[in-house]
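Working through the structure, step by step
Below, each chain spelled out in residue letters.
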Amino acid sequence: MIKVGINGYGTIGKRVADAVAMQKDMKLVGVTAHSYSFNTEVAKQKRYRIFTVSSEAENELKANSLKPDGNFQNLLDEVDIIVDAAPRKVGKENIGKFYKPNKIKAIVQGGEKHETAGISFVAQCNYDEAVNKDFVRVVSCNTTGLCRTLDAVNKKYGITSVHATMIRRGADPWDIYHGPINAIVPVLEMPSHHGPDVQSVLHNVEIFTTALSVPSTLMHLHTLTVDIKKKAGVNDVIELFKNSTRIRLIRNAEHLRSTAEIMEFARDMGRLRGDMPEICVWQEAIGITSNAHNKLLYMQAVHQESDVIPENIDCIRAMMGFNDGQKSIQMTNKAFGIK
Ligand code: NAD
């Protein structure tokens with residue numbers, strides 16, 4: 001059993017904790033608390049052990065009648081690997097301060113820079129790069145979404161170049177601090193950071209990205225234009241996405257025409273928290289230019305809160321020395337109910 005601890009029990013951390021608890025080859029040792037909140041109350045209800053990251057956090061929990069199971073060092077003493085899902089920059093700091101001195105492996109999230117770990121990870125693209133490594137970064141939700149579909153296209157047709165635009169949700173559904181509420185906000189940086197980030201996983205893909213944020217909390221939406229080396233037809237691309245793992249083809253006929261309907265679909269399927277970890281590609285929005293058949297266009301929706309969760313699970317296995325990437329992906333998919 002791989003002994004796993006979670007630092008940063010928020011949007012990503014609580015989902016990774018539940019996912020670890022579902023795996024037959026992993027044991028969730030515990031999660032950390034940085035402060036008292038409904039998240040810590042739910043962790044307690046789920047009987048997860050709670051370790052405080054500071055004396056302030058310990059006092060806050062005790063003041064709310066919640067007895068912690070120890071402090072961060074106590075958690076580190078029991079685990080093989082930490083998934084650090086604290087806000088950006090904390091993971092980087094913790095590698096130097098805690099994980100290296102305690103000789104513990106750690107995964108950091110997409111808020112950290114590639115250089116923090118030196119390896120950036122999306123299971124179906126570069127599982128092998130993470131095998132037996134001490135520190136790996138699971139890339140952001142947007143980068144994961146781009147890498148999953150582009151890797152499939154690249155393997156089948158070869159990619160000459162990509163232009164992609166990310167229409168990003170303004171905040172997560174629970175988040176009262178971010179926006180916009182009534183504006184469309186372009187990222188005034190060319191390219192947006194997503195292009196170089198994709199190259200940290202798909203090293204040889206030429207990609208240029210732009211991004212903007214909109215007043216929605218549900219999902220991101222990407223539009224992609226991909227110049228491909230081999231000729232393609234729309235039906236071949238549909239088959240390609242249908243047969244690629246962690247990509248879900250969705251159709252107009254199902255009335256899945258928007259991010260709102262996709263989220264409702266995920267809730268109706270009984271997914272935990274109504275999550276949709278697969279990247280959803282609209283079948284009717286796949287197009288190929290008719291002249292040379294070498295320009296592919298498509299649109300996809302990315303559930304920012306959940307697409308990176310299966311990646312964290314596969315990354316744990318890879319770093320702990322399990323070297324069969326396909327098998328790991330299968331095991332994780334089974335636990336998540338992903339076909
Ligand atoms: P979050 O704010 O939802 O959760 C962070 C949690 O960490 C909170 O519970 C907070 O109390 C706790 N925390 C704060 N400071 C801490 C500290 N010093 N030590 C330990 N815990 C601390 O954040 P999130 O959205 O889960 O993001 C975490 C990481 O995941 C970031 O790198 C982010 O970029 C990345 N990520 C986020 C999303 C998303 O859409 N939310 C998607 C993919 C990746």
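In case you missed it, the structure is sitting above this.
Each value, and the rule that gives it
Residues numbered from 1 in each chain as written. Predicted model: local features only at pLDDT ≥ 70, side-chain atom pairs only at ≥ 80, totals over all residues. Heavy atoms only, no water. Near = heavy atom within 4 Å. Polar contact = N/O pair within 3.5 Å; in protein donor to acceptor, adjacent residues only side chain to side chain. Areas by Shrake-Rupley, 256 points an atom, 1.4 Å probe, with all protein chains shown as cover. Nonpolar A, V, L, I, M, F, W, Y, C, P; charged D, E, K, R; others polar. Salt bridge = Lys/Arg side-chain N within 4 Å of Asp/Glu carboxyl O. Helix = DSSP H or I, 4+ residues; strand = E, 2+ residues; numbered from the N terminus. Buried < 20%, exposed > 50% of the residue type's maximum accessible area, 1.4 Å probe, protein only. Core = buried A, V, L, I, M, F, W, Y, C linked by side-chain atoms within 4.5 Å. Contact = heavy atoms within 4.5 Å.

1. A look at the site of the ligand
The immediate surroundings of the ligand are formed by 19 residues, with Thr11, Ile12, Gly111, Arg169 and Asp172 found nearest. Note that an oxygen atom of the ligand is positioned 3.2 Å from one of the backbone N or O atoms of Tyr9. Separating an oxygen atom of the ligand from a backbone N or O atom of Gly111 is a distance of 3.0 Å. Here the ligand, which alone exposes 830 Å², has 79% of that area covered by the protein. Split into classes, the residues belonging to the shell around the ligand amount to nine nonpolar, eight polar and two charged.

2. Overview of the pattern of salt bridges
A complete count under the given rule lists 20 salt bridges for this structure. For Glu239, the salt bridge goes to Lys242, with nearest N and O atoms at 3.6 Å. Pair noted here: Glu239 and Lys242 are both in helix H10 (residues 234–242), with a separation of three residues, about one helical turn. Owing to a relative accessible area of 39%, Glu239 belongs among the partly exposed residues under this scheme. A network of salt bridges, in which partner residues are shared, links Asp25, Arg148, Arg246, Glu311, Asp314 and Arg317.

3. Digging into the nonpolar core
Ranked by internal contacts, the top residues of the largest apolar core, which has 43 residues, are Val4, Ile6, Val20, Val31, Ile107, Phe121 and Ile316. Broken down by element, this core gets its largest block of residues, six residues, from helix H12 (residues 309–319). Excluding anything up to four places from it in sequence, Val20 contacts Val4, Ile6, Met26, Lys27, Leu28, Ile313 and Ile316. Core analysis: the next-biggest nonpolar cluster, separate from the first, contains 34 residues, Ala211, Ala232, Ile238 and Tyr298 among them.

4. Re the side chain of Thr259
With respect to the helices and strands, the residue Thr259 is situated in helix H11 (residues 259–268). Among all residues touching Thr259, those that are not within four sequence positions of it are Leu218, Met219, Trp282 and Ala301.

5. Brief notes about the side chain of Thr11
Summarising the element assignment, Thr11 is placed in helix H1 (residues 11–22). Take Thr11: its relative accessible area is 14%, and that puts it in the buried class. Of the polar contacts made by the side chain of Thr11, one reaches the side chain of Trp174; its length is 2.9 Å. Contacts of Thr11, omitting those with residues within four sequence positions, involve Asp172, Trp174 and Glu305.

None of the figures reported here should be taken as evidence of function without further support.
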